[in-house]
Amino acid sequence: MQPPSRRRFEMIEGASSKFWEISQDGASLTVSYGRIGTAGTQKVTEFGTPEAASNEAARLIREKTKKGYSEVGGSNAQDIFRPPTHQDCHRQIQRFMNYTVTNFDPDAEARAEEDGRASTPNLRDLDRRVYSVRVGYEDDEGTFVRRLQALLDDPKVGDLKGLVIGPWFCEYDEDGPGDVAALLLANAPRLRSLKGLFIGDILGEEAEISWIHQCDWGKVLSALPALEQVLIRGGEGLELKDLRHPRLRSITLQTGGLSKTTLQDLLQADLPALRALTLWLGVDDYGGDITVDDLAPLLSGHLFPELEHLGLQDSEDQDDIAQAVANSPLITRLKGLDLSMGTLSDRGAEALLACPAVAGLRWLNLRHNYFSEAMIKRLKGICAEVNLSDRIKADGPNDRYVEVSE
Amino acid sequence: MPSPYTLLIGEAGSRRNLAWQKACDRAGMECRELSWYDALTAPERIRLPAHGTLRVDSPGTDARVWSLLSGLPASLPGERRPGRAWAAGLRQALCNFELCIPKSQWLSPATTIMTMVDKWATYTHLQSKVPQPITQLAGPTIEALLDQMATLSWGQAFIKPRFGSSGAGVVALRRGPRGRLRATTPARLEAGRVFNHKRLLSTEDPVIIAQLLNPVLEDGALLQRWIPKLSAPQGPMDFRVVVVGGHATVRVARVGQGPITNLHLNAARAQLSEVLSPEAEARVVNAAESTARCFSEATLVGVDLALDLAHRPYVLECNAWGDHLPGLLWHEKDCQDWQVQHILQALGRPGGTGEVAA
């Protein structure tokens, strides 16, 4: 048995995947560290008093957290209230809600973890793992549903906290993942601990984001009793009809072009607990037909009483959006604002600088921008935490492009 | 014992020639240069003492040389050059060189150079020996090509000119809903002619796609399955491993803005260790060395590889002249140094006794 005070931290970054564990037993501290998947090295240190040991433990944890380690299964308030960290479309998700993502494959050998995604034939270690289901280029139609069915039939599925839906087969097909949605809906009561759902961990190398055909997920999301966080990639055919959920806190829609009809579904949803909403608006060519006016009901502040983190990103009208947000009633209660990935330039920045409420934000993400150097200087220190990276020099307004559009 | 000596047939005044010359200088090896133009027009100048080594480098971009080899009029700067006639001329030229200098004196013999210049020959040569994406000879028109992809049930594929390398003319093609197509390529159409650019662009216009693809297909192309590549956070990546005398030397990861990752398309260079775990790096290097073993007579093989999403390596292509990686070192030696050392070692020379990459 592990002592109850054991805490595990992991860092997966580029090629390195390391863990660090600490546990306290009276005045003795046990620290283990190494590559994920190995037992690592263990060190035991004795202190004069239990207090001295716990002080040292707290110091070490601060140090590790500062270095970029995050706690496995750590669900401190900040992690949940903030939207998930920017998930690029180039790498499969490694961590979801601070859990390690493991691949579920009923045909996998019960093999040791490799540096490629670990696969297991059944659900295990659900205190530190969440699971993904996906097919690869060598799999055929039907494989996905068979794998998902096996996961749903696993005796431990009631303890599963996160599920990642990877490529399902022919993602651009107009039928969309309707059969996947039906299967999840039928099994929703079994997924009683499921806090997080990522639908569409599909990479740019696997499919065009603007071609990923989604379906109506409204009923499925509403039926998952513990759901707090949902991330959907792909906007084509995406619907969220009759979405109502008392616990859902965070919604992220990553699209190459988000349509008015999808936005309407969202604006009509009953989500009293929604704290973070992130939308990649995308471009007109790929179905992104939302105008600033369409966002007015959202920006009025009447819709979601708890909303405090807003991302309106990857837009060709990023300046107008910045202006609309800065002039909106909603801005006064926002704690975080993300206007990254789009065509934001000095014009949008002026609107932010002219808005007193912006200074009260805890964070402001303006990454991927077209600012002048002078504007970068003026924006520094605009609020507690501001991201001004990935500045692009454009010859003119027509030379600006959004980050994700292909 | 006579001093070591090389004859270099290359593009006059090119950075490639300079790099080779510098490596020879560093090792104290004499090197005589002969331009491809002179080698083709004055073959009597292809002479080499019995202990010398012949290095035949890429004919490069010289328009006169290209015309001599292909028998076709010179193209406009940057214009795509058809490869089949060029490759046929190259084969003939190498045969002629072989009449002047026996095979045993070639750094890499003509046959292996020709196999690597012809991507279909390379594919069939390596088949069932190393992992490669499934590849077929592409149909002669866009219609035939799309039928072929439909029969194979492939949603995405690369179309690569059969002859030559460097990403010129390569098209990443996707089939989408309702018959939609999307092509990503450095090629551009200007007044009906195809030019190569330094930036990848995507288009969904079926007319443009056909105009870009048809000349490539007519000239002979491969249809290669597009296996999703393991990507770096900035974009898709593949790897070039330069194998010299059977041992992996200089290696580099190329991180692209899109699916085609050649360095001249402004892909970013990275160390393998920056983007891969030690285990994955070892798999890439081992696969490259296994590939080079299939060309046992070639001193130099530049192997391009990628990893799939399960971190399994596969070979994309082999380059007989895949050593143009300026500024990249492995154990303080560049690609040319490693080859010079290999020559000296073969001659049992001091300076050639240094360690070889394990």
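Computed from a predicted structure; not experimentally measured.

Engineer: What is the right way to look at the overall build of chain B in this model?
Structural biologist: Per the secondary structure count, chain B includes 11 helices and 15 strands. For 358 residues, the compact-globule estimate of 2.2 N^0.38 gives 21 Å, and the C-alpha radius of gyration of chain B, at 20 Å, lies within 12% of that figure. Projected onto its principal axes, the C-alpha coordinates of chain B cover approximately 70 × 50 × 35 Å. Here chain B, with 358 residues, has 58% of them falling under the buried criterion. Taking contacts inside chain B between residues at least 6 apart in sequence as the whole, the part at least 24 apart equals 62%. Surface accessibility of chain B: about 14,600 Å² in total, with carbon and sulfur atoms responsible for 54%. Counting 38 positive and 32 negative side-chain charges, chain B places the averaged centre of each group 3 Å from the other.

Engineer: Just checking my understanding: could you explain the packing of aromatic side chains for this structure?
Structural biologist: For any pair of aromatic rings, the description rests on two quantities: the centre-to-centre distance and the angle between the ring planes. Residue and element names in this part refer to chain B. A complete count under the given rule lists eight aromatic pairs over all chains for this structure. For the cation-ring pair, arginine 251 lies above tryptophan 330, with the distance from its terminal atom to the ring centre recorded as 3.5 Å. The cationic tip of lysine 333 hangs over the ring face of tryptophan 338; the distance from NZ or CZ to the ring centre is 5.2 Å.

Engineer: Is there a simple way to think about the sheet that holds strand E3 (residues 53–56) of chain B in this case?
Structural biologist: By way of backbone hydrogen bonds, the strands of a sheet pair with one another, either parallel or antiparallel. Residues and elements named next belong to chain B. Spatially, three strands are ordered E2-E1-E3 in an open sheet, and the strand pairing comes out parallel. Because the sheet does not close on itself, it has two edges, and the strands there are strand E2 (30–35) and E3. Within this sheet the neighbouring strands show an average axis-to-axis angle of 20°, counted without direction. Of the strand pairs in this sheet, strand E1 (residues 5–10) and E2 are connected by six bridges, and their pairing is parallel. Its bridge partner lying in E2, tyrosine 5 is registered against glutamate 30.

Engineer: Would you mind showing me how to read the packing of helix H3 (residues 143–153) of chain A against helix H4 (residues 178–186) of chain A here?
Structural biologist: Any two packed helices are characterised by how steeply their axes cross, that is the angle between the axes, and by the distance between the axes. All names here are of chain A. Between H3 and H4, the least distance of the axes is 10 Å, while the angle of their chain directions is 10°. The angle between H3 and H4 falls in the class roughly parallel. Each of Phe144, Val145, Leu148, Gln149 and Leu152 in H3 lies in contact with H4, whose residues at this interface are Asp179, Val180, Leu183 and Leu184. The residue makeup of the contact of H3 with H4, split by class, is seven nonpolar, one polar and one charged.

Engineer: I tried to follow the interface of chain A and chain B on my own but got confused; where do I start?
Structural biologist: Chain A puts 23 residues into the contact, and the matching count from chain B is 39 residues. Between chain A and chain B, the buried area comes to about 2,600 Å², and carbon and sulfur atoms account for 47% of it. One can count seven salt bridges joining chain A with chain B. Seen at the junction of chain A and chain B, the total is 16 residue pairs in polar contact (both at pLDDT 80 or more). Taken together, the residues of the side of chain A that touches chain B sort by class into seven nonpolar, five polar and 11 charged.

Engineer: Is there a simple way to think about the confidence of the model for chain B in this case?
Structural biologist: All names here are of chain B. Across chain B, the average pLDDT comes to 90, with 96% of residues at or above 70. Note on residues 352–358: pLDDT under 50 across the span, and 16 contacts to partners over four residues away in sequence or across chains. For this predicted complex, the interface confidence score (ipTM) comes to 0.85, while the overall pTM stands at 0.83.

Engineer: What's the story with the packing of helix H5 (residues 110–117) of chain B against helix H6 (residues 119–126) of chain B in this structure? I'm lost.
Structural biologist: All names here are of chain B. In contact at an axis separation of 5 Å, H5 and H6 are set at 105° when each is read in the N-to-C sense. By the angle between their axes, H5 is roughly perpendicular relative to H6. Residue-level inspection shows Thr115, Met116 and Val117 of H5 in contact with H6, the latter providing Lys119, Ala121, Thr122 and His125.

Engineer: Which parts of the structure should I look at to understand the sheet that holds strand E6 (residues 171–175) of chain B?
Structural biologist: Residue and element names in this part refer to chain B. With antiparallel pairing, six strands are arranged side by side in an open sheet as E4-E9-E5-E6-E7-E8. The two strands at the open ends of the sheet, each matched to only one other strand, are strand E4 (135–137) and strand E8 (193–203). Ignoring which end each strand starts from, the neighbouring axes of this sheet average 30° apart. As judged from the three bridges shared by E4 and strand E9 (residues 221–225), these two strands associate in the antiparallel manner. Bridge pairing links glutamine 136 to leucine 223 in E9. Contacting E4, strand E5 (156–161), E6, strand E7 (181–190) and E9, helix H7 (residues 142–152) crosses the sheet at an angle of about 60° to E6. Running over the sheet, helix H8 (residues 206–218) touches E5, E6, E7, E8 and E9 and is turned about 75° from E7.

Engineer: Looking at this structure, I do not really get the pattern of salt bridges. What am I missing?
Structural biologist: Charged atoms that come close allow side chains of opposite charge to pair. Summed over all chains, the structure comprises 50 salt bridges over all chains. Residue A:Glu138 is joined to B:Arg312 by a salt bridge in which the shortest nitrogen-to-oxygen separation is 2.8 Å. Taken together, the residues span two chains, with A:Glu138 in the loop between strand E9 (129–133) and H3 and B:Arg312 in the loop between strand E14 (300–307) and strand E15 (313–319). Under the relative-accessibility criterion, B:Arg312 is labelled partly exposed at 41%. Each member of the salt-bridge network shares a partner with another, and the members are A:Glu208, B:Arg174, B:Arg180, B:Arg182 and B:Glu204.

Conventions we followed
Residues numbered from 1 in each chain as written. Chains lettered and ligands numbered in written order. Predicted model: local features only at pLDDT ≥ 70, side-chain atom pairs only at ≥ 80, totals over all residues. Heavy atoms only, no water. Helix = DSSP H or I, 4+ residues; strand = E, 2+ residues; numbered from the N terminus. Rg over C-alpha atoms; globule rule 2.2 N^0.38 Å. Buried < 20%, exposed > 50% of the residue type's maximum accessible area, 1.4 Å probe, protein only. Contact = heavy atoms within 4.5 Å. Areas by Shrake-Rupley, 256 points an atom, 1.4 Å probe, with all protein chains shown as cover. Lys, Arg positive; Asp, Glu negative; His and termini not counted. Charge placed at Lys NZ, Arg CZ, Asp CG, Glu CD. Phe/Tyr/Trp six-rings, centres within 6.5 Å; stacked < 30°, edge-to-face > 60°. Lys NZ or Arg CZ within 6 Å of the ring centre and 35° of its normal. Pairing = 2+ DSSP bridges. Axes fitted to C-alpha atoms, helices over the stretch in contact; angles between N-to-C directions. Parallel < 35°, antiparallel > 145°, perpendicular 65-115°, else oblique. Nonpolar A, V, L, I, M, F, W, Y, C, P; charged D, E, K, R; others polar. Buried area = accessible area lost by both parts, 1.4 Å probe. Salt bridge = Lys/Arg side-chain N within 4 Å of Asp/Glu carboxyl O. Polar contact = N/O pair within 3.5 Å; in protein donor to acceptor, adjacent residues only side chain to side chain. pLDDT = per-residue confidence, 0-100.

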